[in-house]
Every structure is written in structure tokens, then in C-alpha cells.
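The lines below spell out each chain.
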Amino acid sequence: MRILFITSNRLGDAVLSTGLLAHLSERHPDAALTIACGPLPAPLFRSVPGLERLIPMPKRAWARHWVELWRACVGTRWDLVVDLRNSAVGRLVLAKRRFFHARAPHLHKVEEIGRVLGLSPPPAPRLWIDAVAEAEADRLLPGGAEPFLAIGPTANWTGKEWPADRFADLAARLTGPGGRLSGRRVAVLAAGPERERARPVLEALGERAIDLTGRTDPMAAAACVRRAALYVGNDSGLMHIAAAAGTPTVGLFGPGFPETYGPWGVAARTVISRVPRSELLARQKADPQASGLMDGIPVDAVEQAAEELLGPTTRERREVVTNPCKSPETGP
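Each chain has its residues counted from 1, running along the sequence as written. It should be noted that, the model being predicted, local features are given only for residues of pLDDT at least 70 and side-chain atom pairs only at 80 or more, the latter also being counted only at that level, while totals for whole chains, interfaces and linings use all residues. Hydrogen atoms and water are omitted, and side-chain values are computed over all heavy atoms in the structure.

1. Here we look at the packing of helix α6 (residues 131-140) against helix α9 (residues 218-225)
1) Next: Look at α6 against α9: their axes get within 8 Å of each other, and the N-to-C directions meet at 65°. In terms of crossing hand, the pair formed by α6 and α9 is right-handed. Between α6 and α9, the residues in contact are Ala133, Glu134, Glu136, Ala137 and Leu140 and Met219, Ala220, Ala223 and Cys224, respectively.
2) Next: Under the convention adopted here, Pro, Cys and the residues Ala, Val, Leu, Ile, Met, Phe, Trp and Tyr are nonpolar, Asp, Glu, Lys and Arg are charged, and Gly plus all remaining residues are polar. Among the residues forming the contact of α6 with α9, the class breakdown is 7 nonpolar, no polar and 2 charged. Interaxial angle, 0 to 180 degrees, is taken between N-to-C directions of lines fitted to C-alpha atoms, where a helix line uses only the stretch in contact. Numbering goes from the N terminus for both helices and strands, where a helix is a DSSP run of H or I of at least four residues and a strand is a run of E of at least two. In a left-handed crossing the near helix is turned counterclockwise from the far helix by less than a right angle, and in a right-handed crossing that turn is clockwise. The contact rule is simple, with two residues in contact once any of their heavy atoms fall within 4.5 Å.

2. Observations concerning the packing of aromatic side chains
1) Next: Pairing of aromatic side chains here covers Phe, Tyr and the six-membered ring of Trp, requires ring centres within 6.5 Å, and sorts the geometry by plane angle: under 30 degrees stacked, over 60 edge-to-face, intermediate tilted. Considering all chains together, one arrives at 1 aromatic pair under this definition.
2) Next: Judged by centre distance (5.0 Å) and plane angle (80°), the ring pair of Trp162 and Phe167 falls under edge-to-face.
3) Next: Think of it in three bands: residues with accessible area under 20% of the maximum for their type are buried, residues over 50% are exposed, and the middle band is partly exposed, with areas taken using a 1.4 Å probe on protein chains only. Residue class for Phe167 comes out buried when judged on its relative accessible area of 0%.
4) Next: The ring of Phe100 has Arg91 lying over it, and the distance from NZ or CZ to the ring centre is 4.0 Å. We count a charge as sitting over a ring when the NZ of a lysine or the CZ of an arginine lies within 6 Å of the ring centre and within 35 degrees of the ring normal.

3. A few points about helix α2 (residues 18-27)
Each full turn of the α-helix corresponds to 3.6 residues, which orients residues three or four apart in the same direction.
1) Next: Extensive coverage of α2 is indicated by the burial of 7 of its 10 residues.
2) Next: Among all positions in α2, only Thr18, Gly19, Leu20, Leu21, Ala22, Leu24 and Ser25 are buried.
3) Next: Buried residues in α2 make contact with β1 (2-6), α1 (11-16), β2 (32-37), β4 (78-83) and α5 (109-114).

4. Some words on the sheet that holds strand β10 (residues 249-253)
1) Next: Here a strand pair is declared whenever DSSP counts at least two bridges between the two strands. If you trace the 6 strands from one edge of the open sheet to the other, you get β8-β7-β6-β9-β10-β11, paired in parallel fashion. A single partner strand is all that each edge strand has here, and the edge strands are β8 (209-211) and β11 (268-272). Across this sheet, the average inter-strand angle for adjacent strands is 20°, counted without regard to direction.
2) Next: As judged from the 5 bridges shared by β10 and β11, these two strands associate in the parallel manner. The partner of Val250 across the bridge, within β11, is Arg269.
3) Next: Contacts between helix α13 (residues 299-310) and the sheet are confined to β9 (230-234), β10 and β11, with β11 contributing the most and set at about 170° to the helix.

5. What about the state of the cysteines?
1) Next: Two cysteine sulfur atoms make up a disulfide if the distance between them is within 2.5 Å. Counted by the stated rule, this structure contains 0 disulfides.
2) Next: Looking at Cys37, it has no disulfide partner, and the nearest cysteine sulfur is the one in Cys73, 12 Å off.

6. Here we look at the pairing of β10
1) Next: Counting buried residues along β10, 5 of its 5 residues qualify, which places the element largely inside the surrounding structure.
2) Next: With 4 bridges connecting them, β9 and β10 associate as parallel partners. By the bridge assignment for β10, Tyr231 is matched with Thr249.
3) Next: The β-α-β motif built from β9, the intervening helix α10 (residues 237-244) and the parallel element β10 has right-handed crossover chirality. Here, the term right-handed applies to a crossover whose path from the first strand over the helix to the second runs clockwise when the strands point away from the viewer.

7. Side note on helix α8 (residues 195-205)
1) Next: Looking at α8, one finds that the buried residues are Ala198, Val201, Leu202 and Leu205. All buried residues of α8 lie within an arc of 105° about the axis, which places them on one face of the element. Away from its buried face, by an angle of more than 90 degrees, α8 presents the exposed residues Glu196 and Glu203.
2) Next: Gly206, located one to two residues past α8, shows a positive phi value of around 65°. Arc, as used here, means the arc of the directions from the helix axis to the C-beta atoms.

8. Digging into the side chain of Glu194
1) Next: With respect to the helices and strands, the residue Glu194 is situated in the loop between β7 (186-188) and α8.
2) Next: Note on charges: Lys and Arg go in the positive column, Asp and Glu in the negative column, and His and the chain ends are not counted at all. Throughout this description, the term salt bridge denotes a Lys or Arg side-chain nitrogen within 4 Å of a carboxyl oxygen of Asp or Glu. One buried charged side chain, Glu194, makes no salt bridge at all; its nearest oppositely charged neighbour is Arg197, positioned 4.3 Å away.
3) Next: Excluding its chain neighbours within four sequence positions, the residues that come into contact with Glu194 are Thr154, Ala155 and Asn156.

9. Focus on the environment of Gly176
1) Next: Inspection of the secondary structure assignment puts Gly176 in the loop between α7 (164-175) and β7.
2) Next: Under the relative-accessibility criterion, Gly176 is labelled buried at 11%.
3) Next: Other than its neighbours up to four places away in sequence, Gly176 contacts Ala171 and Ser182.

10. Let's talk about the pairing of strand β6 (residues 149-152)
1) Next: With burial as the criterion, each face of β6 is covered, one bearing Leu149 and Ile151 and the other bearing Ala150 and Gly152.
2) Next: Sheet analysis places β6 next to β9, joined by 4 bridges and oriented parallel. Paired with Ile151 across the strands is Val232, a residue of β9.

Next up, the structure:
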């Protein structure tokens, strides 16, 4: 059996599609999978069970990337095509069954993608982290370190970036004396082109920082973040990687859409700007370079979300045992 799975060129959307892919892999364990996606998320799919071919699709002028994908796939008679790009390729190759993505703006993307195969509840995103990525994480992270705080202070555009000084303040609260992660290191992750925008956070953290900016592909980033006690970051593909890796995740949203793109899972929280989104979008429309769109998120609110995910401290657990009338703080 041969299955063609066409997913996004964007990192976040590709991660959110992995639950559907995992469902196909588990439902058809003997199938040979061909996966087409953008070059950036491609490493996340290299260890999918049953993978026969991985086709990265760098964008080309005149949509030539779609022509090249059609040429790569037209000679195969597919048993099943799942096309999340709703492309002509999914319609023009030979296939016994075809499924296409239909927009459902009222749903979260994971739910929307699950509807492609009529799955409710939808399968949660998941990652297949391989030994190569684990070895890279071993090399990048301090040996034997306790689970650390991971932060993602950048995004694909600056309007979605929480101020650097607030990330530094949050890290100091959580990892400083008395914090839930007291004494732990802080890993800072960002894509290569965003490295300079993460530098103020690194400088503020000083020796506590583990600089992973521009040093990982998505698979290695997943292997690193999976070892973290908590991830806090802006609305980005890295945020979705953290949640899919099973790391407690806090996602920060200003002009974005958490009801559609919030981190997925029981160990995930979103913190939304106190400034109405309509106002933020109007400011963005008037000035695409508008700054301060994430200023409406106070550090206190993010710290509270982090504490909910981290659960009670050791002292509070002892109090619960010795005084059963006291209720513990609610965890994930």
C-alpha cells in the first residue's frame, strides 16, 4: 500500500498535521509513506514509521515546485492521497482514494485537520525524535543538567514577540531563589535569522543561559525542548514543537489567534494580551512595523500560567500531606 501525504511548508502547520499522519501510520503499519512538505519542517518527518520518500518542496517561481512534485508522484498508483494543501497534484495523480483539507475557521487547526478523515476527537500532534537528534541534544545541552526552562523569544515577525526584558524577568522569577525552577539553566531557542533579536535575552540571562539560537534544525530543537521542565514562547512553530514533544508549554498571543493556533494538549496554556485583538490588528494594519503589540501581556500572568503547569512546590506537597484539609494547586 502506498500513501501520499502532502502537508504544509510552514513549520507550525506541519507540526499540527503530525497527529493525522500518525493516525495513518498506525492504521496502515505496512504502508509505504511519501511525505511532501516545505524544506523547514522536513527534518521532523525523516523518522516517520514506514517512510519511503520525503520530498522537501522549496518554493519556485511560477509554482514550479508543484510541477516538480507532480513529476515525482505521477508515475505511482497511490492507494491513498491525503492532501492538506488542497492542491492540483492531489487530484492529478492516480489514486484509489483522495482526501482534501477544507477550511473550518471556527475550529482549532488540529480539529480542522482531524476532520479530513472524519476523526473526532482529533489525534494530537506527535513527533518522531530519532537517535541523531538525541545525540545532537546531548552535544548542545550541558551534560547531566536538571530539566531546564526553555524559552522562545522570537517569532516569524516582530509584532508577535513579547518584549525581551519581560522574558528575562520571567526567567529570573522562575529560576531565581524561591522560584519553581530555582537554580535551573535557561535554554534560549530561535531560528538563525532571528538570532540577533534573541540576543538581548541572552545578555540579560548571562551565565544562566544555554544559547541554542540558530544552532538547531526543528528535529534537534524538539530533542532539546523535550528535556525541558517548561517551555514559554511566542506564537511560533517552535511553540507547537514544544507542545507536540509533551513539554508543558505556555504560548503568548497578542494579535494572533489562540483559538485556532494555540498550543495543543492538556499540558498547554495560552496567555492573551489584555489589549483587544481588534485594536492590535488595527494598529498593525495602519503600520505593518508597529511595535508594542505584545505589551498587553504582563509578566505576572505568564508566571501564573507557568506555575499552573509546574504544579506545587516541594514545600506545598509536604503541606498537603501533613494538612489534608489544604487543597494543592491545580496542575495540568
